[in-house]
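Overview (structure and organization)
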Amino acid sequence: MKLQIAVLAGDGIGPEIMKQGVAVLDAIAEKFGHEIEYKEALAGAHAIDEVGDPFPEETFQICQQADAVLFAAVGDPKYDNDPTAKVRPEQGLLAMRKKLGLFANIRPVQTFDCLLHMSPLKTELVKGADFICIRELTGGMYFGEKYQDDDKAYDTNLYTRPEIERILRVAYDYARQRRHHLTVVDKANVLASSRLWRQVAKEIEPQYPDVTTDYMFVDNASMRMIAEPTFFDVMVTENTFGDILTDEGSCISGSMGLLPSASTGESTPVFEPVHGSWPQAAGKNLANPIAQILSAAMLLEYFDLKEEGALIRKAVDASLDAHVRTPEIQVEGGAFYGTKEVGAWIVEYIRKV
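The notes below deal with the structure included here. All values derive from a computational prediction rather than experimental measurement.

Another point: the pairing of strand β12 (residues 270-273). Judged by which residues are buried, β12 turns out to be covered on both faces: Val270 and Glu272 on one side and Phe271 and Pro273 on the other are all buried. As paired strands, strand β3 (residues 68-73) and β12 are joined by two bridges and run parallel to one another. For Leu70, the partnering residue across the bridge sits in β12 and is Phe271. Bridge count between strand β11 (residues 260-265) and β12: four bridges; the pairing is antiparallel.

Before going further, it helps to examine the sheet that holds strand β8 (residues 181-186). One open sheet accounts for 10 strands, arranged β2-β1-β3-β12-β11-β4-β5-β10-β8-β9; its pairing is mixed. At either end of the open sheet lies a strand with only one pairing partner, and these are β2 (35-40) and β9 (212-217). Each strand axis lies, on average, 25° off the axis of its neighbour in the sheet, ignoring direction. By the bridge criterion, four bridges tie strand β4 (residues 102-110) to β11 in an arrangement that is antiparallel.

For the rest of this paragraph, the subject is unusual backbone geometry. Phi angles above zero are rare outside glycine, and His180 is one such case at about 60°. The backbone phi angle of Asp304 is positive, close to 65°, even though this residue is not glycine. Structurally, the position occupied by Asp304 is in the loop between α11 (290-302) and α12 (306-321). Since its relative accessible area comes to 54%, Asp304 is described here as exposed.

Turning our attention to the environment of Val316. Within the secondary structure, Val316 sits in helix α12. Note on Val316: relative accessible area 1%, which makes it buried. The sequence separation of Val316 and Arg178 amounts to 138 residues, and the corresponding C-alpha distance is 21 Å. The contact partners of Val316, leaving out residues within four places of it in the chain, are Phe112, Ile290, Ile293, Leu294 and Ile346.

This brings us to the packing of aromatic side chains. For any pair of aromatic rings, the description consists of the separation of the ring centres together with the inter-plane angle of the planes. A full pass over the atoms with the stated rule returns nine aromatic pairs. Where Tyr172 meets Tyr208, the ring centres are 4.1 Å apart and the plane angle is 5°; that geometry is what we call stacked. Within this pair, whereas Tyr172 is found in helix α7 (residues 161-177), its partner Tyr208 is found in the loop between α8 (192-204) and β9, the two being separated by 36 residues in sequence. The exposure class assigned to Tyr172 is buried, which follows from its relative accessible area of 0%. An angle of 85° between the planes, with centres 5.1 Å apart, marks the rings of Tyr302 and Phe303 as edge-to-face. Judged by its relative accessible area of 41%, Tyr302 falls in the partly exposed class. Aromatic ring contacts, followed pair by pair, group Phe131, Phe231 and Phe232 into a single cluster. The ring of Phe60 is capped by Lys99, whose NZ or CZ atom sits 5.4 Å from the centre of that ring. Seen from the ring of Phe103, Arg166 lies directly overhead, with NZ or CZ sitting 4.1 Å from the centre.

With 13 residues, α11 should reach 18 Å at 1.5 Å per residue; the first-to-last C-alpha distance of 18 Å fits that figure. If you check which residues of α11 are buried, you get Ile290, Ala291, Gln292, Ile293, Leu294, Ser295, Ala296, Ala297, Met298, Leu299 and Leu300. At the C-terminal side of α11, Asp304 shows a positive phi close to 65°.

Following both chains from N to C, one finds α7 and α8 inclined at 50°, their axes separated by 10 Å at the closest point. Taken together, the axis directions place α7 and α8 in an arrangement best described as oblique. Note that α7 runs across α8; the crossing there is right-handed. Residues Arg161, Ile164, Glu165, Ile167, Leu168, Arg169 and Tyr172 of α7 touch α8, and the partners they reach there are Leu196, Trp197, Gln199, Val200, Ala201, Glu203 and Ile204. Split into classes, the residues belonging to the contact of α7 with α8 amount to nine nonpolar, one polar and four charged.

What follows is about the pattern of salt bridges. For the structure on display, the rule yields 20 salt bridges. Asp130 is the salt-bridge partner of Arg178, the closest N and O atoms lying 3.5 Å from each other. Placement of the pair is Arg178 in the loop between α7 and β8 and Asp130 in strand β5 (residues 130-136), with a sequence separation of 48 residues. Given a relative accessible area of 32%, Asp130 falls into the partly exposed group. Its salt-bridge partner being Asp186, residue Arg198 comes within 2.9 Å of it at the nearest N-O pair. Of this pair, Arg198 sits in helix α8 while Asp186 sits in strand β8, and the two are 12 residues apart along the sequence.

What counts, and where the lines are drawn
Residues numbered from 1 in each chain as written. Predicted model: local features only at pLDDT ≥ 70, side-chain atom pairs only at ≥ 80, totals over all residues. Heavy atoms only, no water. Buried < 20%, exposed > 50% of the residue type's maximum accessible area, 1.4 Å probe, protein only. Helix = DSSP H or I, 4+ residues; strand = E, 2+ residues; numbered from the N terminus. Pairing = 2+ DSSP bridges. Axes fitted to C-alpha atoms, helices over the stretch in contact; angles between N-to-C directions. Contact = heavy atoms within 4.5 Å. Phe/Tyr/Trp six-rings, centres within 6.5 Å; stacked < 30°, edge-to-face > 60°. Lys NZ or Arg CZ within 6 Å of the ring centre and 35° of its normal. Expected span 1.5 Å × (residues − 1). Parallel < 35°, antiparallel > 145°, perpendicular 65-115°, else oblique. Left-handed = near helix turned anticlockwise from the far one by under 90°. Nonpolar A, V, L, I, M, F, W, Y, C, P; charged D, E, K, R; others polar. Salt bridge = Lys/Arg side-chain N within 4 Å of Asp/Glu carboxyl O.

Below, the structure written as structure tokens:
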């Protein structure tokens, strides 16, 4: 297969982990006879510094013309610490989602047996947890009408039937590929927007008789994720709830540096780690590249290259079992492996297997 990939390394640790993600893709391409072409583009604070825009038109064109986007992270303290800044790195991420029509964010929550002790949850609760959070990305309060003065403010949580239907169908498709269990998360006992979500879901449910569908209020779902994470297979919800629940879910594995994600929709899909830019660690060879590497695995699996994705996952598991880990998840007294060393070990494993 021939793939054209837009590479957006972004800020902070982004360029370092991106190098390892690309190196793994190159190793896979060499082993399986694929041809992968890369085109780098500016995003985030780096793009603001260069051209004054966190998601420049040239970057958009490169992304739109690619088969997929491999993205790292954006963010910089000089913007975080300046409340008067009119342009911010994170605006580039929102612009990318909007311009590419990315309405579905897919975040796997996976545990690794050798790292169960790193989870904030008890081992007996978290062992075997393996589910996907699917978050609607382009509707709800984040994009609805807003108002603020000194005495009053509001955000409009607007959703339409087509927006709800399309994300539900994405969720059902994922459930059919997994354990055939879908949980629809809302707040239908209070919010009108959630009642429309539940109404539409109830109408669509009979079209997927092979999937068990249940419904859960978001407060209950947030508790259930902590008390019984193994209950879930695929979870789908609206934008704001999804933002909160996916961050909660990312802690279950023990490190945000382990978890990838995908955003799909009307145009080019984007694959990225769930963590941020961690600017304090930039250039120090400390950042965990596994989330970026597993994002590359998700990219390949999106194009039905399942054997290739499975080999990356096998290599990651092998590296963790061999204690080839960055410091935040290394065993006490274990050898030092930085971003480069972990990436190189995984590449070498892929080449030798």
